[in-house]
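# Geometric and topological summary
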Amino acid sequence: MSVNVPNATPAAQPIFALQEVGKSYALARSPLERMFNRRRFHAVSDVSLEVAKGDALAIVGESGSGKSTVARMMVGLTAPTTGSICFRGDALNTMTRTQNATFRQRVQMVFQSTTNSLNPRKTIATTLAEAIGNDGVPVRQLLDMVRLPAFVLARYPHQLSGGQRQRVGIARALARRPELVVADEPTSALDVSIQAEIIKLLRDLHQSAGVSLVVISHDLALVGELCERVVVMREGRVVEAGAVDQVLFEPRERYTTELLAAIPKGIGRHPIGVGPE
Ligand SMILES: Nc1ncnc2c1ncn2[C@@H]1O[C@H](COP(=O)(O)OP(=O)(O)OP(=O)(O)O)[C@@H](O)[C@H]1O
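The present account deals with the structure reproduced in this document. Values in this document were obtained by computation on a predicted structure and should not be read as measured data.

### Looking at the site of the ligand
Near the ligand, the surroundings consist of Tyr 25, Phe 41, Ala 43, Glu 62, Ser 63, Gly 64, Ser 65, Gly 66, Lys 67, Ser 68, Thr 69 and Glu 185. Taking Ser 63, its side chain carries an N or O atom lying 2.5 Å from an oxygen atom of the ligand. In this structure, Ser 68 approaches the ligand through a side-chain N or O atom, which is 2.8 Å from an oxygen atom. Listed by contribution, the elements that provide at least two residues to the shell around the ligand are strand 2 (40–52) and helix 2 (67–74). Sorting elements by how many residues they give to the shell around the ligand places helix 2 first, with 3 residues. Tallied by class, residues from the shell around the ligand come to 3 nonpolar, 6 polar and 3 charged.

Written out as structure tokens, the structure reads:
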């Protein structure tokens, strides 16, 4: 079954279009084993969705449901096994070198853990200078955008707090003025108080700077704070999709209701009537 994701602004030309995208991995470990064992594990199956300019789309689901795999395929870090992914009408797998360079500038990713994604041997100044290149956003402006003080420039990642590192990760993603940021669990490695600041920062970037967002999360409270549309994934497939208010407050699928019930009350814009006391 493939569930199409209704677009908030159907008339808008999509920035991204995923058409029946799938990703599978060989279960065999060696080439010899592969000759005799052709079984594959389907991490993602038949996912179709669109992201229009100005969208804030969430992809939610339990651990292992395929959210990160979809995110990695969207930014070109993982190639799909089936289906097509188009950015502004051009399929990612047939882009010319120039189109690919533009794509990599226009679509950026914010990772869950900056421990792995920021180079520990480089100062923040060097990391940001490399991201900015010749024609990116001036560094002081970038720091202002993510509300970081200038002193962080001289520091190495381990000399910053988790929240500061995540802001650096966001600044790096914004350095080349992307039109779309894919954020994979952007707050899950942070304390609750810092989570709220990062959510506010992403919301401001979306609302004030017009950056389109795809947010991967298993946290439906965060989704309610940040996004307008949501896709619910289970076992690699989209099981429910629609406007956040509909999916969070009037879920059609029992699986979504169970996900909602797992949110502690009092966090974010909690759906009414669900969640443990
Ligand atoms: N390189 C790989 N080889 C084999 N299986 C993989 C690989 N990468 C991911 N998977 C499997 O694909 C499934 C989906 O993984 P994915 O990371 O997309 O899930 P997720 O919804 O993002 O989970 P989480 O919320 O825990 O990060 C999982 O069962 C995972 O074990």
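### Concerning the sheet that holds strand 3 (residues 56–61)
The strand order 6-7-8-3-9-10 describes an open sheet built from 6 strands, whose pairing is mixed. Looking along the sheet, the strands with just one partner apiece sit at the ends: strand 6 (107–110) and strand 10 (237–243). Averaged over all pairs of adjacent strands, the angle between their axes in this sheet comes to 15 degrees, without regard to strand direction. As paired elements, strand 6 and strand 7 (residues 180–184) share 4 bridges and run parallel to each other. When the bridges of strand 7 are listed, Gln 108 appears paired with Val 181. Sitting on the sheet, helix 7 (residues 162–174) is in contact with strand 6 and strand 7, with an inclination near 175 degrees to strand 6. Against the sheet, helix 11 (residues 254–261) contacts strand 3, strand 9 (229–234) and strand 10, and its axis sits at roughly 100 degrees relative to strand 9.

### Some thoughts on the sheet that holds strand 2
The 4 strands lie next to each other as 2-1-4-5, forming an open sheet whose pairing is antiparallel. At either end of the open sheet lies a strand with only one pairing partner, and these are strand 2 and strand 5 (90–91). By the bridge criterion, 9 bridges tie strand 1 (residues 14–26) to strand 2 in an arrangement that is antiparallel. Looking across to strand 2, one finds that Ala 17 is bridged to Glu 50. Here helix 2 sits on the sheet and contacts strand 1, strand 2 and strand 4 (82–87); the angle it forms with strand 1, its principal contact strand, is near 120 degrees.

### Quick word on a nonpolar patch on the surface
Taken together, the side chains of Tyr 25, Leu 27 and Phe 41 make up a nonpolar region of the molecular surface, amounting to roughly 290 Å² of accessible area. Residue Tyr 25 is classed as partly exposed on the basis of its relative accessible area of 38%.

### Description of the nonpolar core
In terms of nonpolar packing, the biggest core is built from 48 residues, with Leu 128, Ile 170 and Val 223 touching the most fellow members. Ignoring any residue separated from it by four or fewer positions in sequence, one finds Ile 170 in contact with Val 110, Val 146, Ile 198, Leu 201, Leu 202 and Leu 205. Membership of the second largest hydrophobic core comes to 30 residues, among which are Phe 16, Ala 71, Val 182 and Val 231.

### Things to note about the packing of helix 7 against helix 8 (residues 192–207)
Orientation of helix 7 relative to helix 8, taken along the N-to-C sense of each, is 15 degrees, at an axis distance of 10 Å. It follows from the interaxial angle that helix 7 and helix 8 lie roughly parallel. For the crossing formed where helix 7 meets helix 8, the hand is right-handed. Residues Gly 163, Gln 166, Arg 167, Ile 170 and Leu 174 of helix 7 pack against Ile 194, Glu 197, Ile 198, Leu 201, Leu 202 and Leu 205 of helix 8. Grouping the constituent residues of the contact of helix 7 with helix 8 by class yields 7 nonpolar, 2 polar and 2 charged.

### Some words on the pairing of strand 9
In terms of burial, strand 9 is a largely internal element, 5 of the 6 residues being buried. Of the strand pairs in this sheet, strand 9 and strand 10 are connected by 6 bridges, and their pairing is antiparallel. Within strand 10, the position partnered with Val 230 by the bridge is Gly 242. Adjacent in sequence and paired antiparallel, strand 9 and strand 10 are bridged by 2 residues, among which Glu 235 carries a positive phi angle near 50 degrees.

### Examining the pairing of strand 8 (residues 212–217)
Of all 6 residues making up strand 8, 6 are buried, and the element is well covered by its neighbours. Side chains Ser 212, Val 214 and Ile 216 of strand 8 all project onto a buried face; the interleaved residues Leu 213, Val 215 and Ser 217 project onto the opposite face, where all are buried too. Assessed by its sense of winding, the connection that carries the chain from strand 7 through helix 8 to strand 8 is right-handed.

Parameters and conventions
- Per-chain numbering applies: the sequence of each chain, read as written, is numbered from 1 onward.
- Local features in a predicted model are, by the rule used here, given only for residues with pLDDT of at least 70; side-chain atom pairs are given and counted only at 80 or more, and totals for whole chains, interfaces and linings are based on all residues.
- Side-chain descriptors were evaluated using all non-hydrogen atoms of the structure, hydrogens and water having been removed beforehand.
- Note on definitions. A residue lies near a molecule or strand when any single heavy atom of the residue is within 4 Å of it.
- Two N or O atoms form a polar contact when they lie within 3.5 Å of each other; inside protein one atom must be a possible hydrogen donor and the other a possible acceptor, and for residues adjacent in sequence the pair counts only when both atoms belong to side chains.
- Where helices and strands are cited, they refer to DSSP runs of H or I of at least four residues and of E of at least two residues respectively, numbered from the N terminus.
- Only Asp, Glu, Lys and Arg are considered charged, only Ala, Val, Leu, Ile, Met, Phe, Trp, Tyr, Cys and Pro nonpolar, and every remaining residue, Gly among them, polar.
- Two strands pair under a simple rule: DSSP has to find at least two bridges between them.
- For helices, the fitted axis covers only the stretch in contact; all axes are lines through C-alpha atoms, and the angles between them, taken along N-to-C directions, range from 0 to 180 degrees.
- Here, residues are in contact when the closest pair of their heavy atoms is within 4.5 Å.
- A patch is a set of surface residues, each over 30% in relative accessible area and not in a salt bridge, joined within 9 Å for like charges and within 5 Å for the nonpolar side chains Val, Leu, Ile, Met, Phe, Trp and Tyr.
- Method for areas: the Shrake-Rupley scheme with a 1.4 Å probe, in which residue coverage is limited to the protein chains shown.
- Take a side-chain nitrogen of Lys or Arg and a carboxyl oxygen of Asp or Glu: if they are within 4 Å of each other, that pair is a salt bridge.
- For every residue, the accessible area obtained with a 1.4 Å probe (protein chains only) is divided by the maximum for its type, and the residue is called buried under 20%, exposed over 50%, and partly exposed between those limits.
- The criterion is simple. A nonpolar core is a set of buried Ala, Val, Leu, Ile, Met, Phe, Trp, Tyr and Cys residues joined through side-chain atoms within 4.5 Å.
- By definition in this entry, angles of less than 35 degrees are roughly parallel, angles greater than 145 are roughly antiparallel, angles of 65 to 115 are roughly perpendicular, and the rest are oblique.
- Two helices crossing with the near one rotated counterclockwise from the far one by less than a right angle form a left-handed crossing, whereas a clockwise rotation gives a right-handed crossing.
- Handedness of a crossover: with both strands directed away from the viewer, a clockwise path from the first strand across the helix to the second marks it as right-handed.

No statement about biological role is implied by the geometric values presented.
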